[in-house]
Amino acid sequence: MSEGEKMAMRLLLAIAGLVGAIGVAAAAGGSHGQESRNLGAIASICLAHGPALLALAILAGRGRLFLIAGLLLAGGTLVFAGDLGLREWQGQGLFPGAAPLGGLGMILGWLSVVLAAWASRFVKN
């Protein structure tokens, strides 16, 4: 495994922790403040994807496709949640189409998990 791949794995692990923390904070904010669709969506997305990113960071050592899947999922999650967060607190998103782009990144990440799982059955460890 190259140094670049090791660094990407550490980055993915750090993003997993960040996404999980954002999910908990959004859930807490949503339960103590006014009802907010955005905070609820941020909490749901981040609390679902944080553990998945943690697992993909661990699996990244088993194949590059797991790392790619994790990076796609992480990027999509950060863009999606970031856009909703900015809409909640600033009244405008990251950029036009950010939430759909983030959603597409998450979908591609999950489909990459399928591809990585299927392809890893041909790799002997």
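Residues numbered from 1 in each chain as written. Predicted model: local features only at pLDDT ≥ 70, side-chain atom pairs only at ≥ 80, totals over all residues. Heavy atoms only, no water.

Trainee: Sorry if this is basic, but what is going on with the overall build of the chain here?
Mentor: Regarding its fold elements, the chain presents 4 helices and 0 strands. Along the chain direction, N to C, the helices and strands of the chain fall in the order α-α-α-α. When burial is assessed residue by residue, the chain has 38% of its 125 residues classed as buried. Counting only contacts in the chain whose residues sit at least 6 apart along the sequence, the fraction spanning at least 24 positions is 67%. Each charge class in the chain can be summarised by its mean position, and for the 8 positive and 5 negative side chains these summaries are 16 Å apart. (Helix = DSSP H or I, 4+ residues; strand = E, 2+ residues; numbered from the N terminus. Buried < 20%, exposed > 50% of the residue type's maximum accessible area, 1.4 Å probe, protein only. Contact = heavy atoms within 4.5 Å. Lys, Arg positive; Asp, Glu negative; His and termini not counted. Charge placed at Lys NZ, Arg CZ, Asp CG, Glu CD.)

Trainee: Teacher, can you tell me more about the packing of helix α3 (residues 64-90) against helix α4 (residues 98-120) here?
Mentor: In helix packing, the relevant descriptors are the interaxial angle and the interaxial distance, both defined with respect to the helix axes. Relative orientation of the contacting elements α3 and α4 amounts to 160°, with a least axis distance of 7 Å. It follows that α3 is roughly antiparallel to α4 by the angle criterion. Between α3 and α4 lies a crossing of left-handed hand. Grouping the constituent residues of the contact of α3 with α4 by class yields 17 nonpolar, 8 polar and 1 charged. (Axes fitted to C-alpha atoms, helices over the stretch in contact; angles between N-to-C directions. Parallel < 35°, antiparallel > 145°, perpendicular 65-115°, else oblique. Left-handed = near helix turned anticlockwise from the far one by under 90°. Nonpolar A, V, L, I, M, F, W, Y, C, P; charged D, E, K, R; others polar.)

Trainee: Honestly, the nonpolar core in this entry has me stumped. Any pointers?
Mentor: Grouped burial of nonpolar side chains is what soluble globular proteins tend to show. Of all hydrophobic cores here, the largest spans 27 residues; its most connected members are Leu 12, Ile 42, Leu 53, Leu 67, Leu 73 and Phe 80. Every element with two or more residues in this core is listed here: α1 (3-32), α2 (37-59), α3 and α4. Of all the elements, α2 adds the most residues to this core, at 9 residues. Setting aside anything within four residues of it in sequence, one finds Leu 67 in contact with Glu 5, Ala 8, Met 9, Leu 12 and Ala 60. (Core = buried A, V, L, I, M, F, W, Y, C linked by side-chain atoms within 4.5 Å.)

Trainee: Would you mind showing me how to read α2 here?
Mentor: In an α-helix, one full turn covers 3.6 residues, which means residues spaced three or four apart are oriented alike. Relative to the 33 Å expected for 23 residues at 1.5 Å per residue, α2 spans 33 Å between its end C-alpha atoms, a close match to the ideal helical length. Looking at α2, one finds that the buried residues are Asn 38, Leu 39, Ile 42, Ala 43, Ile 45, Cys 46, His 49, Gly 50, Ala 52, Leu 53, Leu 56 and Ala 57. Elements that come into contact with the buried residues of α2 comprise α1, α3 and α4. Among the residues of α2, the N-terminal cap falls to Ser 36, whose side-chain oxygen and the backbone nitrogen of Asn 38 are separated by 3.3 Å. (Expected span 1.5 Å × (residues − 1). Polar contact = N/O pair within 3.5 Å; in protein donor to acceptor, adjacent residues only side chain to side chain.)

Trainee: Please explain α3 as it appears in this structure.
Mentor: With 27 residues, α3 ought to run about 39 Å at 1.5 Å a step, and its terminal C-alpha atoms sit 38 Å apart, in line with that. Remark: Gly 91 follows α3 within two positions and exhibits a positive phi of approximately 85°.

Trainee: I would appreciate a short explanation of the pattern of salt bridges in the present structure.
Mentor: Taken as a whole and assessed by the stated rule, the structure comprises 3 salt bridges. The partner of Glu 3 in a salt bridge is Lys 6, and the shortest N-O contact between them spans 3.7 Å. Of this pair, Glu 3 and Lys 6 both sit in helix α1, 3 residues apart, which is roughly one turn of the helix. Residue Glu 3 is classed as exposed on the basis of its relative accessible area of 54%. A relative accessible area of 34% places Lys 6 in the partly exposed class. The salt bridge partner of Glu 5 is Arg 64, with a shortest N-O separation of 2.5 Å. With a gap of 59 residues between them, Glu 5 in helix α1 and Arg 64 in helix α3 connect regions that are remote in the sequence. On the accessibility criterion, Arg 64 (56% relative accessible area) is exposed. (Salt bridge = Lys/Arg side-chain N within 4 Å of Asp/Glu carboxyl O.)

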